[in-house]
Amino acid sequence: MILFVLFGLTIQSQDTVFTINSSHFAQISYVKAEDIKEAFGIKAEWNTKNKALYLKKGKKVTIFLENPFVKVENQVVQVVYPMVMKKGVLYIPVTTLPDILSPLIGKSVTLKGDTLIYGNTNIHNFEMKYKDGKTEGIIYLDDNLEHIFKGSGDIWTITIFEGRPLKGIFPIKGKGYIKSIKVRVTDALTEVKFQLTKKTFDVDVKRSPGKIIMTISNKKRRVIKTVVIDPGHGGKDPGAVGYRGLKEKDVVLDVGKRLARMLKEKGYNVIMTRTTDEFIPLSERTKIADKAKADLFVSIHCNAAPLASKNGTETYFLSAAKTSWARAVEAKENSSIRFEKTAENPKPGINYILWDMAQNEFLKESSELAIEIQESLCKQIKRKNRGVSQANFYVLRLNYMPAVLVETAFVSNPREGRLLSRSKFRDKIARGIANGIDAFAKKYAQKY
Ligand SMILES: [Zn+2]
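Residues numbered from 1 in each chain as written. Predicted model: local features only at pLDDT ≥ 70, side-chain atom pairs only at ≥ 80, totals over all residues.

Here we take up helix H2 (residues 97-105). For H2, the complete set of buried residues consists of Leu97, Ile100, Leu101, Pro103 and Leu104. Two residues or fewer after H2 comes Gly106, characterised by a positive phi angle close to 70 degrees. (Buried ≥ 20, exposed ≤ 12 C-beta atoms within 10 Å, placed from the backbone. Helix = DSSP H or I, 4+ residues; strand = E, 2+ residues; numbered from the N terminus.)

A separate point is the domain arrangement of the protein. Along its sequence, the protein is carved into domain 1 (4-118), domain 2 (123-218) and domain 3 (226-447). Placing a centre on the C-alpha atoms of domain 2 and another on those of domain 3 gives a separation of 36 Å. (Domains from an automatic or database assignment.)

Mapped onto the elements of the fold, Phe297 is located in strand E23 (residues 296-303). As a C-alpha pair, Phe297 and Ile63 span 234 residues in sequence and 70 Å in three-dimensional space.

Buried within helix H4 (residues 282-291) we find Leu282, Arg285, Thr286 and Ala289. When H4 is viewed along its axis, its buried side chains cluster within an angular range of 90 degrees and face the same direction. In this fold, the buried residues of H4 make contact with strand E21 (226-231) and E23. Of the residues trailing H4, Lys293 is marked for its positive phi of about 50 degrees. (Arc of directions from axis to C-beta. Contact = placed C-beta atoms within 7 Å.)

Moving on to the sheet that holds strand E7 (residues 69-72). Taken in spatial order, the five strands line up as E4-E5-E6-E7-E8 in an open sheet, and their pairing is antiparallel. On the outer flanks of this sheet lie strand E4 (43-47) and strand E8 (75-78), each paired with one strand and no other. Each strand of the sheet is rotated relative to its neighbour by a mean of 20 degrees, with strand direction disregarded. The strands that H2 touches are strand E5 (52-56), strand E6 (60-64), E7 and E8; relative to E6, the one it contacts most, it runs at about 155 degrees. (Pairing = 2+ DSSP bridges. Axes fitted to C-alpha atoms, helices over the stretch in contact; angles between N-to-C directions.)

Below is the structure:
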């Protein structure tokens, strides 16, 4: 028998890659027992009498010469090819390595072609596809791993909790719409950051068994057509109660109806979360908007404060509250949840982060919508301009569309309370919001 050292066996884990020589006899690939022993720091003892090689590290493994059975502790395992001896040197078939190495080193060991992969990696591969005008980045991973996806413009990140990638699976250079890839691995997570070739793609991430698929495609032209009008509170939840018992829920329903009429005149489709004095849970309001696949969401409210002199108009979009006043308004509007029978609290943990991130894409659009409405509304009703703010309103969550909450005026302020009870003033509010929506829609159509 002639011995040819022709090939190499690559041994790869999450932090090392090295190659050992492999030899072929009768078209079967072997490695020297001595090389494996050294590579993995295994104790080995050859017993001439039993023709057995005793290996020990984590567990005890015995391999027999010319005998296709190995012993793992006291369990007998059948392998495809036996160990052979050539010129006094012991050779182990490459296909036997996973069976004997897993118990020895206590880690998963798999053979893929000429590569032996070991260690507790759970992100196995990465692949990029560029076809039909879109680019896909596919991460192959274990199904139990949780991920979050966030980003905007040309930077998007997939974070995989407890993710341990196999070394070398992520290239630095991208393909198609992916310009480059940066990977950060810590004990707690693996973060894969994608730099795209431009800022205006539609980027979407889907999970299917064994993989995360990120799809990058050219933005479809979007038109603002359907608007959801959400008159706040209703039914058992009166909202703020102010001047001469004026209830927020009644004012905003009337304003909402006026707004609906004006928007329809301008050619919009309008969906109202309520048209009567009924209680609608906050989560139900967002569901209505999502289900309708609406393009905009506007929640209408009246403000209130313990200090009667407080007055003016402000518009909010979803984000963490930045000021103590924004937190106070947020608490007031979110308190509607106490009227809900089965307190449908926002989903905690990762889901919370997920929709927060989903909204991110619309954060800029929501802030632009808020600015347009605020300006237009102030022009119409000429009350103090309290500006645009950010707060974390339940009712603005889960909407895959720009969403704002308008605090028209203060029911708790005697002057504004009086105004809010008048039909003419309500008309002005509705006109202000309608014009703001229209201005935003026109700019939006040009931009996206
Ligand atoms: Zn309210």
